[in-house]
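# Understanding the architecture of this molecule
Chain by chain, the residues:
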Amino acid sequence: MPLAPSWLYGSGRTVGNLLWVALSYGLSADTSGTLPPSYSPRYVEAAWYSWWVKEGFFKPEYQEKLPRRKPETFSLCIPPPNVTGSLHLGHALTVAIEDALVRWRRMQGYKVLWLPGSDHAGIATQAMVEQKIWRERGVRRQDLMREEFLQEVWKWREEKGNEIFKQLKTLGASLDWDRVCFTMDSGFSEAVTEAFVRLHEDGLVYRQRGLVNWSCALRSAISDIEVEHRQLGGRTELSVPGYPSKVPFGIMVTFAYKVEGEGVVATTRPETMLGDVAVAVHPGDPRYTHLRGKQLRHPFTGRLLPVIVDPLVEQDVGTGAVKVTPAHSHVDYELARGHGLPLVPVIREDGAMTAECGDWLEGLNRFLAREKVMAALKERGLYRGSKDHAMILPLCSRSGDVVENLLKSQWFLRCEGMARRALEAVESGRLTLSPKFHEKSWKSWLSSISDWCISRQLWWGHQIPAYRVMVSGSHNTKEVDADVLDTWFSSGLFPFAALGWPQKTRDLQEFYPNSLLETGSDLLFFWVARMVMLGEQLTGHLPFSQVCLHSMVRDALGRKMSKSLGNVIDPLDVIHGAPLEALQERLRDGNLDPRETAVAAEGQRRDFPHGIPECGTDALRFALCSYRAQGDTINLDMATVVSASHFCNKVWNALKFTLAGWDLPLPQVFPSFPMDRWILSRLYRTVEECTRQFEEYELHSVTSSVHLFWLHNLCDFYLESVKAILRNADPSRLPGTCQTLHSCVDLGLRLLAPFMPYLSEELWQRLPQADSCSAPSVCVADFPSASQLVHWHHPEEEANFLLVQEVVRTARALRATYQLTKARPTGEEAEGCCVGPVHLWVSPHSQGLVDPKTELPKLAARQLKLERQLLELTTRTQASGDQEKVAPRTQAEHQRKVLHARGEQGSSVCVFVCLF
């Protein structure tokens, strides 16, 4: 393989030098020299990625070069990150999981395609470019022609739009970059147009004037799924975009409409009373019998408002008489349709009041208008009071704005039939969701789905391919619809449009449907359900047969990561390290208000008093995969990542030991000594476990098995036991030991490769390879197969060695507890014995080292405490009905605690006996 020149690794060369040269020339690291004395992620991760890409290892076509290739394909697409995005822990988790699965399948000989792409992110990108041109030129979007603004967007995309791809490469993502897809590319845009036209021809796309969810901050419609429903317990002040001070919500205001007597109505939106067209009461409410058929006069507009009766009115809420504002309420809209009432819009697209409100309110912000209306009601003696009121406030998940219901002509997609088929797919087993508990949410959402508003009043995006044709005399003119499609519409086409649909491309025929979709559980409805509906509708096939959903990453305390709490962890900081001063400076340069900045800074000082240590990509990936990603919230503790970095160093040192003084040809012998047979049997069992766990996508179990083998089996026991053999070069043991060592580190690195691609490559390249191993890289080497290692299975050796392990653990615990040195007793004091490979020394005369009179009472107390804990645990797990009432995971946790307590009890007894 091509090597980087030796000068590249000389003293004083920075990682920046390494990356620049490696990326420029596609060079691999120089592994011909001595392994550096200690593990450095910067050194290990500097050059391998560009070489992998240059050699084409990530392309499905490379499978043709594999000697033991399989007929199966394995394909999936990465959830396309926003073109405006930067790397966060959600991306890092997605990459860690998906790349582990992709690398594993590739090493198994599958034809693998992991498809990269990015989303044009209509709202986010338009907002970012608007800010940019205002900052640089003092120009607003509305001051430009549409084409001028779009040129600015494309210019920004060419300059900055690929930053997220560079960050994905830093994470080691083995994506096929020659097939990268952008949702605004010409080919993808053709697919979007084709999808819209076909859906329209099928009668599923239609245009209609009606109430839509409207964000005044974005000046665009948004779909139901983009509305966040915030529960308020009563009066709550919230910041609203474009409004200078916080606005109070959760207040029920009552006021009167005068007639013969008085009609008192209640509302949480007094500013909308300018659009009232009626007052409604329940037909069974005796309080308002005298008002039925009457008309009330609006105090500000003079409009006559009929009093209507309707069973939809909840007579126990408020005063029991409700104002009817059909242009701004879905419930009132239905009432108006049933009673033939007019629609009077009083709020504009920008959140200001319309001319219908009169000169005194026209053009005023809706929340300023609220205050003015309240003052006018009081002035006219119509105000009857206000009180705290629990309510659900609709907020735009994109902008944080309070959502308005406005009358607009929009494009909609009928979803009922597609949703029914998506439900059936899960119920019949054609589509599986993992974890299975997501099926309940899937059924609930799809069963009550409404039509999807797919048009957006933006400039950046796929312009809706619909035209209004107007005939005037002999001249025909075409007016294009100015709206664009919802970004999620194009994202919903990604699995097949990115492969060339609607053209029948080779990629589409070979890799669609995808084998799997893996993504965050928060995208189940935004993205997953829509891909399933659109995929089956447009292609006749589900886009994938299996969906794996991972949880949200939170901080070590289980809190959602938030800039205002100061607990956000940038993956690049974990990879490269960041001092506390840099973290604090980034906070100060952010957009938090001073109070939030102070709170966040304190949080950083508490959580990262010494900054974030450099851990490297491999450690971050391994740590993320070590959590149970499917089901539970991931409470990421930096200590876990640091521990993974220490594990990297342990593997590094194990290879240094293995490679030290290796001057024998690679031996081809079958180990015959018990210790060699034991470690190879443990390796066989580890391979068997990892294969089964990979098939079940239980990556946390795979990392646990690999960690156990490397750290506890290989490093803690086997390497310690063979040091004397290698040191003394015992000819009867040396060949078998060398072969065993080589097999363990070779296959052990292959097991690590899906999680730690850089470290495993760096070390695997330095191993002597037999002629039969022709793979140029560990990432395309054969993944270990248990069926090919079954001759190493020696369960009797594993059973025999359990005693040895327990004795060694206890001896180490004694040495640590009583601070004993490693020196062996001498003379007549010591008696020696050999248990397997471990030599034990027992000294009956250890005066001065341990005082039994002091230690025995401590041990007795500890033994009593353990017995009580064990009794409590066993009583709880054996209680009647426990199996039915307690979740399987909780039962397993109880069982683990029982075993741990018994182990502690056994260790305590062992120490007790040793002291005697």
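Remember, it's a predicted structure, so these values are computed and weren't measured experimentally.

### Observations concerning a positive patch on the surface
On the surface, a cluster of positive charge is made up of K650, R809, R812 and R815. Position of R812 relative to the elements: it lies in helix α26 (residues 795–817).

### Focus: the pairing of strand β10 (residues 251–259)
In terms of burial, β10 is a largely internal element, 7 of the 9 residues being buried. Here 5 bridges tie β10 to strand β16 (residues 383–388), and the two strands are oriented antiparallel to one another. Note on β16: the bridge partner recorded for T254 is G385.

### Let's talk about the packing of helix α22 (residues 674–695) against helix α23 (residues 699–728)
Interhelical geometry of α22 versus α23 gives an angle of 170 degrees and a closest axis separation of 9 Å. Classified by the interaxial angle, the pair formed by α22 and α23 is roughly antiparallel. Contact residues: M675, D676, W678, I679, R682, L683, T686, E689, C690, Q693 and F694 in α22; L699, S701, V702, S705, V706, L708, F709, N713, L714, F717, Y718 and S721 in α23. Within the contact of α22 with α23, the residues separate by chemical class into 14 nonpolar, 6 polar and 3 charged.

### Focus: the nonpolar core
Counting residues in hydrophobic clusters, the biggest one holds 117 residues, and the most contacted among them are W52, L683, W710, L714 and Y718. No other element matches the 13 residues that α23 contributes to this core. Those residues in contact with L683, other than ones at most four positions away along the chain, are F709, S743, C744, L747, L751 and W792. Grouped together as the second largest cluster of nonpolar side chains are 59 residues, V205, L423, Y512 and L517 included.

### Describing helix α16 (residues 524–539)
In terms of burial, α16 is a largely internal element, 13 of the 16 residues being buried. Once α16 ends, the next one or two residues include G540, with phi positive near 80 degrees.

### Concerning the sheet that holds strand β19 (residues 432–434)
Pairing within the open sheet is parallel, and its 3 strands lie in the order β19-β26-β25. Of all the strands in the sheet, the pair left with one neighbour each is β19 and β25 (517–520). Each strand of the sheet is rotated relative to its neighbour by a mean of 20 degrees, with strand direction disregarded. Pairing geometry for β19 and strand β26 (residues 546–550), over 3 bridges, is parallel.

### Some remarks on the confidence of the model for the protein chain
For the protein chain, per-residue confidence averages 85 on the pLDDT scale, and 85% of positions sit at 70 or higher. Residue range residues 1–25 is modelled with pLDDT below 50. Its contacts to residues more than four positions away, or to other chains, number 45 contacts. Taken as a whole, residues 909–916 scores under 50 in pLDDT and shows 16 contacts with residues more than four places along the chain or in a different chain.

### Structural notes on unusual backbone geometry
Residue P435 is bonded to the preceding S434 through a cis peptide linkage, with omega at 0 degrees. Tracing the sequence through the fold places P435 in the loop between β19 and α12 (438–447). Looking along the chain, the bond that leaves Y512 and enters P513 is cis, with omega of 0 degrees. Relative to the elements of secondary structure, P513 occurs in the loop between α15 (506–511) and β25. One non-glycine residue, A121, lies in the positive phi region at around 50 degrees. Locating A121 in the fold gives a position in the loop between β3 (117–118) and α5 (122–137). Overall, A121 belongs to the buried group, its relative accessible area being 5%. The phi dihedral of Y697 falls on the positive side, at around 60 degrees, and the residue is not glycine. Among the residues examined, Y697 registers a relative accessible area of 11% and is labelled buried.

Thresholds applied
Residues numbered from 1 in each chain as written. Predicted model: local features only at pLDDT ≥ 70, side-chain atom pairs only at ≥ 80, totals over all residues. Heavy atoms only, no water. Patch = residues over 30% accessible without salt bridge, like charges linked within 9 Å, V, L, I, M, F, W, Y side chains within 5 Å. Areas by Shrake-Rupley, 256 points an atom, 1.4 Å probe, with all protein chains shown as cover. Salt bridge = Lys/Arg side-chain N within 4 Å of Asp/Glu carboxyl O. Lys, Arg positive; Asp, Glu negative; His and termini not counted. Charge placed at Lys NZ, Arg CZ, Asp CG, Glu CD. Helix = DSSP H or I, 4+ residues; strand = E, 2+ residues; numbered from the N terminus. Buried < 20%, exposed > 50% of the residue type's maximum accessible area, 1.4 Å probe, protein only. Pairing = 2+ DSSP bridges. Axes fitted to C-alpha atoms, helices over the stretch in contact; angles between N-to-C directions. Parallel < 35°, antiparallel > 145°, perpendicular 65-115°, else oblique. Contact = heavy atoms within 4.5 Å. Nonpolar A, V, L, I, M, F, W, Y, C, P; charged D, E, K, R; others polar. Core = buried A, V, L, I, M, F, W, Y, C linked by side-chain atoms within 4.5 Å. pLDDT = per-residue confidence, 0-100.

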